[in-house]
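As a plain string of letters, each chain reads:
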Amino acid sequence: MSSTLNNEVLGSTSSWQPHDGLLLEVDGLEVEFRTREGVAKAINGVSFDLREGETLAILGESGSGKSVTAQAVMGILDSPPGFVTGGEVRYCGEDILAMSDERRRTIRGPEISMVFQDALSSLNPVFPVGWQIAEMFRQHRGMNKSNALAEAVRLMERVQIPGAAQRVKAYPHQFSGGMRQRIMIAMAIALDPAVLIADEPTTALDVTVQAQIMQLLEELQAERRMGLILITHDLGVVADVADRIAVMYAGRIVEYADVFDLYAQPAHPYTKGLLESIPRLDRKGETLASIGGLPPNLMQIPPGCPFNPRCNYAQDICREQRPELYEVGHHRRSACHFADQLVRGQEPPLTRRRDQLEGGVRP
Ligand SMILES: Nc1ncnc2c1ncn2[C@@H]1O[C@H](COP(=O)(O)OP(=O)(O)OP(=O)(O)O)[C@@H](O)[C@H]1O
Ligand code: SF4
Ligand SMILES: [Mg+2]
């Protein structure tokens, strides 16, 4: 169903229009968690934007701040202990963080919607899936029960659930993991949002189903011209789908690039490490590299570059001075003191070997 047709059928009345072509602008976002053990600086000045029809992948190891960024954008941060301590999140030019709860509710769901990693815990186990999808149309579009249910069946068909008309009355536990994720996607796109945030939508699924869900998201994004944010820790999963990639480390974006540029030549040692840890068919039999060491404790982020304790190129300046995220090419930013060299394919001198780092983990 095209976006226009969908809007006609559902009577969408969105008055939001992209601002300078931008749907979403995240500017200097800061989030901290105030816990009994101390303050964890989870997000430290994250900025990115998203246009209509564009796919941005947010990539990083566990704990790098991907989900917290999404939660802050959606306004669903667990607070307390989480607090937004700085920055702006603008939707179509208007700061979501500064608006009233009532106004924010007109955005969350109808305009910006989200798919979570764990479909089983996100769906209500005691209601049939068709009923749960139909509720979206009843609550937000004022449809009567039978029209809402018919719309739910249409949407289930669109996300390729076999026998949708018969299975509309089935419960979440009666579907496979992949099918449940399709139902979550159906609910997320029901109101024809302008922005869809998918937080690790395929992590719990096997590789074949992962690929099918990614393809479905790609198709839906193209036909509805949505802005799509794909959160993942797996660079391999987003390679074919993303337009741009933001690589996160310790609550910061450390590299921001068009997908082809990033694959061709990473401009940050952390991205380089992530790329080297992806299995490749053309290098069958080779041992996969891993990034040595562990991400920092967010209550004690090291001075200088947060990646320095794990970086093979770390020099004195890296321990003393925090590198800013700066332009290193067209649409391209990196937060590394040696990014200009890296982006030209020149490797800075190695200051430690991989085997000198302990506790290597694969991202
Ligand atoms: N409810 C919370 N209370 C305290 N700290 C939290 C809470 N939620 C998140 N954090 C902190 O924020 C950091 C970032 O968490 P986030 O969930 O965004 O990581 P992530 O990048 O999504 O990781 P993953 O790949 O495992 O999902 C965590 O390392 C943790 O220190
Ligand atoms: S600034 Fe230094 S420590 Fe940080 S990524 Fe670049 S080379 Fe490594
Ligand atoms: Mg997460």
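Described below are features of the structure shown in this document. Remember, predicted model here, so these are calculated numbers, not experimental data. Each chain has its residues counted from 1, running along the sequence as written. Chain A is the first chain written and ligand 1 is the first ligand written, with later ones labelled in order. Per-residue local features are limited, in this predicted model, to residues with pLDDT of at least 70; the limit for side-chain atom pairs, both in listing and counting, is 80 or more; totals at the level of whole chains, interfaces and linings are taken over all residues.

Details of helix α5 (residues 129-141)
Then step 1. The end-to-end C-alpha separation of α5 is 18 Å, in line with the 18 Å expected for 13 residues at 1.5 Å each.
Then step 2. Partly exposed residues are those falling between the two cut-offs: more than 12 but fewer than 20 other C-beta atoms within 10 Å of their own, whereas 20 or more means buried and 12 or fewer means exposed, with C-beta atoms placed from the backbone. By definition, any uninterrupted DSSP run of H or I lasting at least four residues is a helix, any uninterrupted run of E lasting at least two residues is a strand, and each is numbered from the N terminus. Within the span of α5, buried status applies to Val129, Gly130, Ile133, Ala134, Met136 and Phe137. Burial along α5 is one-sided: seen end-on, the buried residues are contained in an arc of 135°.
Then step 3. In the segment just after α5, Gly142 is the residue with positive phi, at about 65°. Multiplying one less than the number of residues by 1.5 Å gives the expected span of a helix. Starting at the helix axis, one direction is taken to each C-beta atom, and the arc is that of these directions.

Details of the packing of α5 against helix α8 (residues 177-189)
Then step 1. Between N-to-C directions, angles cover 0 to 180 degrees, with each direction set by a line fitted to C-alpha atoms, over the stretch in contact for helices. At a closest axis distance of 9 Å, the pairing of α5 and α8 adopts a crossing angle of 15°. Considered as vectors, α5 and α8 are oriented roughly parallel to each other. Crossing handedness for the pair α5 and α8: right-handed. Here Val129, Gln132, Ile133 and Met136 of α5 lie close against α8, whose contacting residues are Ile183, Ala186 and Met187.
Then step 2. Residue type decides the class: Asp, Glu, Lys and Arg count as charged, Ala, Val, Leu, Ile, Met, Phe, Trp, Tyr, Cys and Pro as nonpolar, and the leftover types, Gly among them, as polar. When its residues are assigned to classes, the contact of α5 with α8 shows six nonpolar, one polar and no charged. If an angle is under 35 degrees, it is roughly parallel; if it is over 145, roughly antiparallel; if it lies from 65 to 115, roughly perpendicular; otherwise it is oblique. Working rule for handedness: look at the near helix, and if it is turned counterclockwise from the far one by less than a right angle, call the crossing left-handed; if clockwise, right-handed. By the convention adopted here, residues are in contact when the distance between their C-beta atoms, placed from the backbone, does not exceed 7 Å.

With respect to the nonpolar core
Then step 1. Only buried Ala, Val, Leu, Ile, Met, Phe, Trp, Tyr and Cys residues enter a nonpolar core, and they are joined through C-beta atoms within 7 Å. In this structure, Ile133, Ala186, Val195, Leu196, Ile197 and Val247 are the most contacted members of the largest nonpolar core, which totals 98 residues.
Then step 2. With eight residues, the single largest contributor to this core is α8.
Then step 3. An automatic or database domain assignment is the source of the domain bounds shown. Counting the residues that make up this core, at least three belong to each of domain 1 (3-242) and domain 2 (249-356).
Then step 4. Sequence-distant contacts of Ile133, defined by excluding residues within four places in its chain, comprise Ala152, Leu155, Met156, Ala186, Met187 and Ala190.

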